[in-house]
Amino acid sequence: MRIGVLGAGRMTEALVPGWVRAGHDVLIGGRTPAKAEDLAQRVGAKAGTLREAAEFGDVLLLAVLLAGLEETLVAAGGPEGALAGKTIIDCGNAVDFSDFSRIAFEGGTSMAEEVARLAPGAHVVKAFNQAESSVWRMRPPAFDGRPFAVPIAGDEEGKAVARTLITDLGAAPLDAGDLTQARHLEAMAIVVIRLLRSGYDPLSVFAFISPGRTDT
């Protein structure tokens, strides 16, 4: 599969090596070309502009902070309809970073739904947002010997693509419903982030969404 990545930060660095090892062809696009090129060389991918990554990928990983969302999608061609028909996997969260206590959008909508607004016609999926980048550096991501469960929300066509990329990392997809459920997944992520920042052991935070547990 051809994967275009929009963003050259920590999540990209953590996720892409697993997909490269699984045989996928990856092109990383970033707002800072030198940063994208350096990262691509380290993880075995190609590098280019955001527009080139969008045109390259059968599926796109959107790995940017909320503050850079609109700028990134404009550069990738979203408002022009260039992303129509593509699956976009959004791994971010609409989090108020001042205190990690609430969703940043008024009215409780999600970052993933904002992606869908800015990229009309795309198959937007929320995934990978429940865990920080260190979890995705695990090979495979597992807790207590069980594969990490990855909740996904979106339309059926997009989720089918996301399931493949999740299982290729050794994790387990968990269907959470349509894209409106991204609101709940992002709200859950706020709780997870706050617990981790408070010093909780990652196992105690993540084990409750690992498949196969019977003791929670």
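Since the model is a prediction, treat every value here as computed from it, not as a measurement.

Student: Whenever I open this one, the side chain of Lys 159 confuses me. Can you help?
Tutor: Take Lys 159: it is sitting in helix H7 (residues 156-168). On the basis of relative accessibility, which here comes to 2%, the residue Lys 159 falls in the buried class. Within polar-contact distance, the side chain of Lys 159 engages the side chain of Asp 175 at 2.8 Å. Among all residues touching Lys 159, those that are not within four sequence positions of it are Val 125, Ile 152, Ala 153, Gly 154, Asp 175 and Gly 177.

Student: What is the right way to look at H7 in this model?
Tutor: Along an α-helix, a turn takes 3.6 residues, which lines up residues three or four apart on a common side. Here H7 is 13 residues long and its end C-alpha atoms lie 19 Å apart, about the 18 Å a rise of 1.5 Å per residue gives. Every buried residue belonging to H7 is among Gly 158, Lys 159, Ala 162, Leu 165 and Ile 166, and all of these are buried. Buried residues in H7, looked at end-on, bunch into an arc of 120°, giving them a common side. Once H7 ends, the next one or two residues include Gly 170, with phi positive near 85°.

Student: Explain the packing of helix H4 (residues 69-76) against helix H5 (residues 111-118) to me, please; I cannot follow it from the model alone.
Tutor: Two packed helices can be described by the angle between their axes and the distance between those axes. Between H4 and H5, the shortest axis-to-axis distance is 10 Å and the interhelical angle comes to 30°. In the packing of H4 onto H5, the handedness of the crossing is right-handed. The residues of H5 that touch H4, namely those facing Leu 69, Glu 70 and Leu 73, are Met 111, Glu 114, Val 115 and Leu 118. Classifying every residue of the contact of H4 with H5 gives five nonpolar, no polar and two charged.

Student: Just to check I follow, could you spell out the side chain of Glu 114 for this structure?
Tutor: With respect to the helices and strands, Glu 114 occurs in helix H5. A distance of 2.6 Å separates the side chain of Glu 114 from the side chain of Arg 117, its partner in a polar contact.

Student: Would you take a moment to explain the confidence of the model for the protein for this structure?
Tutor: Predicted coordinates in regions of low pLDDT should not be interpreted in detail. Of all residues in the protein, 87% have pLDDT values of 70 or greater, and the mean over the chain is 88. For residues 207-216, every residue scores under 50 in pLDDT, and the model assigns this stretch 19 contacts once sequence neighbours within four places are set aside.

Student: Would you explain the pairing of strand E10 (residues 172-177) in this entry?
Tutor: Within a regular strand, the side chains alternate between the two sheet faces. Pairing analysis gives five bridges linking strand E9 (residues 149-154) to E10, with the strands arranged parallel. Bridge pairing in E10 links Pro 151 to Leu 174. In this view, the connection linking E9 to its parallel neighbour E10 by way of H7 has right-handed handedness.

Rules used in this analysis
- Residues numbered from 1 in each chain as written.
- Predicted model: local features only at pLDDT ≥ 70, side-chain atom pairs only at ≥ 80, totals over all residues.
- Heavy atoms only, no water.
- Helix = DSSP H or I, 4+ residues; strand = E, 2+ residues; numbered from the N terminus.
- Buried < 20%, exposed > 50% of the residue type's maximum accessible area, 1.4 Å probe, protein only.
- Polar contact = N/O pair within 3.5 Å; in protein donor to acceptor, adjacent residues only side chain to side chain.
- Contact = heavy atoms within 4.5 Å.
- Expected span 1.5 Å × (residues − 1).
- Arc of directions from axis to C-beta.
- Axes fitted to C-alpha atoms, helices over the stretch in contact; angles between N-to-C directions.
- Left-handed = near helix turned anticlockwise from the far one by under 90°.
- Nonpolar A, V, L, I, M, F, W, Y, C, P; charged D, E, K, R; others polar.
- pLDDT = per-residue confidence, 0-100.
- Pairing = 2+ DSSP bridges.
- Right-handed = clockwise from strand over helix to strand, strands pointing away.

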